Amino acid sequence: MGTGRLTVDLGAIAANWRALDAMSAGETAACVKADAYGLGAERVVPRLMKEGCRTFFVAVAEEGARLRSIAGPDARICVFGGHMEGDTDLLRNAALIPMLNSPAQAARHLSALPDAPFGVQLDTGMNRLGMEAADWADLRAELLPRDPVLVMSHLACADEPNHGMNGQQLHAFRDMVQGVHAPLSLAATGGILLGRDYHFDLSRPGIGLYGGAPFTAAEPVVRLALPIIQERAVAEGETVGYGNIWKAKRPSKIATVSAGYADGLIRAIGRSTVLYHDAQACPLVGRVSMDLITVDVTDLEATGAALDILCADQGVDDLAIAAGTIGYEILTSLGPRYARDYVGA
Ligand SMILES: *Cc1c(COP(=O)(O)O)cnc(C)c1O
């Protein structure tokens, strides 16, 4: 078998949800946009429902419609992107709850689906999605009597606990929701870790469920094993891969494994990444190609059939740091070519 094997531990996702739920003051939802951060909503969502999770967040209505067919009628499905032009049928037919982000979205929703549920997203300083304070001041008298399912906002710097923006946004949110009786939500993974002040009625973690920072106590969720296609001896002074960027300083043994940047292992992971044979680290050498990675296995007594690039010793955040990015991007880039195994169902 020539493809990498991605093993997703659903039991670890469930344990991470339970741990975040135990920390949260109110209800704990789950953020499953981008196909559950690339790990497969079809398997992740039923596992979370088995654990007791009932509210799910996606980015756009199309994702919500697919999620409805996975989750069945009992789940609450909220759409961060709100009610876009052309979304009305999807929202109605899949019983999705749009988070209204602007006066235009509010007007569209109230005219197209006047009796359908909705939430409101407020901007408390991130300036990405949500109603500005002035929009909200104009609209709250019209929207609040219609009982929004949720009034929410999002933190820009929650992964930095000491950042002044956290307190500033908390303060802005409290101001904007004064006198609001609808359920409130401010915290994603980072916000849960900031403490009770940030929890309100519902938290909506994503990355922490999938084993990523800032939830450093998370159980690891993914393992990625790449089969060795070929091994060769390389003499001192020979080069490996595109651009000749790696030259053997000693007689070396090079393993070529199956996966590359087309599988989400971006070229930028090159410089400090290792692959593991059990607990023994073997340096990635040369450039990452589209479908192949070359690894220095000179110090291994015997190579097995595959080397691990994601495992207990090297998680998504380690790879992300090596590539100058974040775990979210590594996870959501994991490609469609891997064989996927789910354990812990
Ligand atoms: C993605 C997202 C979340 C989840 O964030 P994590 O950092 O992955 O926990 C929550 N709320 C909003 C608005 C988001 O866009």
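Conventions we followed
Residues numbered from 1 in each chain as written. Predicted model: local features only at pLDDT ≥ 70, side-chain atom pairs only at ≥ 80, totals over all residues. Heavy atoms only, no water. Helix = DSSP H or I, 4+ residues; strand = E, 2+ residues; numbered from the N terminus. Buried < 20%, exposed > 50% of the residue type's maximum accessible area, 1.4 Å probe, protein only. Contact = heavy atoms within 4.5 Å. Areas by Shrake-Rupley, 256 points an atom, 1.4 Å probe, with all protein chains shown as cover. Near = heavy atom within 4 Å. Polar contact = N/O pair within 3.5 Å; in protein donor to acceptor, adjacent residues only side chain to side chain. Nonpolar A, V, L, I, M, F, W, Y, C, P; charged D, E, K, R; others polar. Domains from an automatic or database assignment. Buried area = accessible area lost by both parts, 1.4 Å probe. Axes fitted to C-alpha atoms, helices over the stretch in contact; angles between N-to-C directions. Parallel < 35°, antiparallel > 145°, perpendicular 65-115°, else oblique. Left-handed = near helix turned anticlockwise from the far one by under 90°. Arc of directions from axis to C-beta.

Describing the overall build of the protein chain
Along the protein chain, the regular secondary structure elements total 11 helices and 19 strands. With the principal axes as the frame, the protein chain shows a C-alpha extent of 75 × 40 × 35 Å. In the protein chain, which comprises 345 residues, the proportion classed as buried is 51%. Put simply, 65% of the contacts in the protein chain that link residues at least 6 apart link residues at least 24 apart. Only carbon and sulfur atoms are counted for the fraction: they give 51% of the accessible area of the protein chain, which is about 15,100 Å².

Observations concerning the site of the ligand
In the vicinity of the ligand, 14 residues are found, and the nearest of them are Lys33, Tyr37, Thr189, Ile207 and Tyr328. Contacts to the ligand include threonine 189, whose side-chain N or O atom sits 2.5 Å from an oxygen atom. Within the contact set of the ligand, an oxygen atom lies 2.6 Å away from a side-chain nitrogen or oxygen of tyrosine 328. Burial of the ligand by the surrounding chains reaches 91%, relative to a free accessible area of 390 Å². Here the shell around the ligand is composed, by residue class, of 8 nonpolar, 3 polar and 3 charged.

Considerations on the domain arrangement of the protein chain
In many reports, interface size means the accessible area that the parts give up when they come together. Partitioning the protein chain into domains gives domain 1 (10–210) and domain 2 (222–343). Centre-to-centre, using C-alpha coordinates, domain 1 lies 37 Å away from domain 2. Taken together, the contact pairs 10 residues of domain 1 with 9 residues of domain 2. Across the interface of domain 1 and domain 2, roughly 870 Å² is buried in total on both sides, 65% from carbon and sulfur atoms.

Examining the packing of helix H1 (residues 10–23) against helix H3 (residues 41–51)
Packed helix pairs are specified by the crossing angle of their axes together with the interaxial distance, meaning the distance between the axes. The geometry of H1 relative to H3 is characterised by a closest axis approach of 9 Å and an angle of 45° between their N-to-C directions. Taken together, H1 and H3 sit at an angle that is classed as oblique. For the pair H1 and H3, the crossing hand works out as right-handed. Contacts between H1 and H3 involve Leu10, Gly11, Ile13, Ala14, Trp17 and Arg18 from the first element and Arg43, Val44, Arg47, Leu48 and Glu51 from the second. For the contact of H1 with H3, the residue count by class is 6 nonpolar, 1 polar and 4 charged.

Quick look at helix H4 (residues 61–71)
Of the positions making up H4, those classed as buried are Ala61, Gly64, Leu67, Arg68, Ile70 and Ala71. Angularly, the buried residues of H4 cover 160° about the axis, an arc narrow enough to put them on a single face. Where the residues of H4 are buried, they touch H3, strand E4 (55–58), strand E5 (76–79) and helix H5 (88–93). At the exit of H4 stands glycine 72, carrying a positive phi of roughly 80°.

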